[in-house]
Amino acid sequence: MNYVEAGFLFDVPNHVAEVSQSFSFKAVKQAGSSPICVPLYRNTTRALNLSCSHLNPSGGQRSVRINGVALNAAGNAASACDGTDKTVNLTFDNSGVATPALLFADVGNMTLAVNEVVSGTTINGTDTFITAPKDFAFSGITAGPLTAASPFGATLTARNNLGNATPNFGKETVQ
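Now for a look at the structure at hand. Predicted, not measured: the structure shown is a model, and the values here were computed from it. (Residues numbered from 1 in each chain as written. Predicted model: local features only at pLDDT ≥ 70, side-chain atom pairs only at ≥ 80, totals over all residues. Heavy atoms only, no water.)

**So, the sheet that holds strand β12 (residues 108-118)**
Stage number 1. Strand order in the open sheet formed by five strands is β2-β13-β12-β6-β9, and the pairing between neighbours is mixed. Edge positions in the sheet fall to β2 (15-16) and β9 (86-92), since each of these pairs with one other strand and no more.
Stage number 2. When strand β6 (residues 44-56) meets β12, the two strands line up antiparallel, connected through seven bridges. The residue of β12 that forms the bridge with S51 is A113. (Pairing = 2+ DSSP bridges. Helix = DSSP H or I, 4+ residues; strand = E, 2+ residues; numbered from the N terminus.)

As structure tokens, then:
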């Protein structure tokens, strides 16, 4: 078992799809032999390796974006998260906190992971979050008149904050 005396601490809140979600991101290390953690970085910008993956549903068609960088091999927001590391610059303040902006145009349970190699040691951190639709829209409703007990057709679309369809909605596994 490897012990690392440093790590990344962050918690992405659950939020609505395609709403910019900022969150506190900390890099911490052990303070000498004390059990206290102190900032690893202050007043600096670091190029960190970030990746995302789909938990539920297990696949998708969109990527998480951090500070505008799509976290997949293609670097394309319209492609799925694929676990590939992308380098993202995060700026840490005097308190050792970075505040990146996260966007995800689809819905589901996602994982965000970060790693950095410092002096031959890999420092890691992960978190999961859920994005939900902003609203639902009906379309393709059978032309009227509609009467009680008569069948009719309609399409229901889950939409993100920009009003675009969220292709993963309804593909989740019930747990």
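**Considerations on the pattern of salt bridges**
Close approach of charged atoms allows side chains with opposite charge to pair.
Stage number 1. Per the counting criterion, the structure on display carries three salt bridges.
Stage number 2. Close ionic contact of R159 with D135 constitutes a salt bridge, the shortest N to O distance being 2.9 Å. Remark: D135 occurs in strand β14 (residues 135-139) and R159 occurs in strand β15 (residues 155-159); sequence separation between them is 24 residues.
Stage number 3. What makes R159 partly exposed here is its relative accessible area of 26%. (Salt bridge = Lys/Arg side-chain N within 4 Å of Asp/Glu carboxyl O. Buried < 20%, exposed > 50% of the residue type's maximum accessible area, 1.4 Å probe, protein only.)

**Some thoughts on the side chain of N160**
Stage number 1. One can find N160 in the segment after β15.
Stage number 2. Polar side-chain contacts of N160 include one of 2.8 Å to the backbone nitrogen of L162.
Stage number 3. When near neighbours in sequence (up to four residues on either side) are disregarded, N160 contacts A17, E18, A105, K134 and T166. (Polar contact = N/O pair within 3.5 Å; in protein donor to acceptor, adjacent residues only side chain to side chain. Contact = heavy atoms within 4.5 Å.)

**Focus: a nonpolar patch on the surface**
Stage number 1. A grouping of F136, F138, I141, L146, F152, L156 and F169 is seen on the molecular surface, where their side chains present a nonpolar patch of about 750 Å² in accessible area.
Stage number 2. Relative to the helices and strands, F136 resides in strand β14. (Patch = residues over 30% accessible without salt bridge, like charges linked within 9 Å, V, L, I, M, F, W, Y side chains within 5 Å. Areas by Shrake-Rupley, 256 points an atom, 1.4 Å probe, with all protein chains shown as cover.)

**Brief notes about the pairing of strand β13 (residues 121-132)**
Stage number 1. Note: β2 against β13, two bridges, orientation parallel. Bridged to V16 within β13 is A132.
Stage number 2. The sheet contact formed by β12 and β13 spans 11 bridges and is antiparallel. In the strand pairing of β13, E116 is matched with I123.
Stage number 3. With antiparallel pairing between neighbouring strands as the criterion, β12 and β13 make up a hairpin whose turn holds two residues, including S119 at a positive phi of roughly 50°.

**As for the state of the cysteines**
Stage number 1. Scanning all chains against the criterion turns up one disulfide.
Stage number 2. Paired by a disulfide, C52 and C81 hold their sulfur atoms 1.9 Å apart. On the sign convention where negative is left-handed, the bridge of C52 and C81, at about -95° about the S-S bond, is left-handed. Of this pair, C52 sits in strand β6 while C81 sits in the loop between β8 (69-70) and β9, placing them 29 residues apart in sequence. (Disulfide = S-S within 2.5 Å.)

**What about the environment of F129?**
Stage number 1. Inspection of the secondary structure puts F129 in strand β13.
Stage number 2. The exposure class of F129 is buried, given its relative accessible area of 1%.
Stage number 3. Every residue in contact with F129, bar those within four places of it in the chain, is listed here: V12, P13, N14, H15, V64, L102, G108, N109, M110 and L112.

**Side note on the side chain of H15**
Stage number 1. Take H15: it is sitting in strand β2.
Stage number 2. When its relative accessible area of 8% is taken as the criterion, H15 is described as buried.
Stage number 3. Separated by 2.8 Å, the side chain of H15 and the backbone oxygen of P13 make a polar contact.

**Considering the nonpolar core**
Stage number 1. Formed by 25 residues in total, the largest nonpolar core has its most connected members in F8, F25, V64, I66 and L112.
Stage number 2. Secondary structure elements with two or more residues in this core: β1 (6-10), β4 (25-30), β6, β9, β12 and β13.
Stage number 3. L112 has contacts with F10, V12, F23, L50, S51, I66, L71, L102, G125, T126, D127 and F129, leaving out every residue within four places of it along the chain. (Core = buried A, V, L, I, M, F, W, Y, C linked by side-chain atoms within 4.5 Å.)

Structural measurements only, silent on function.
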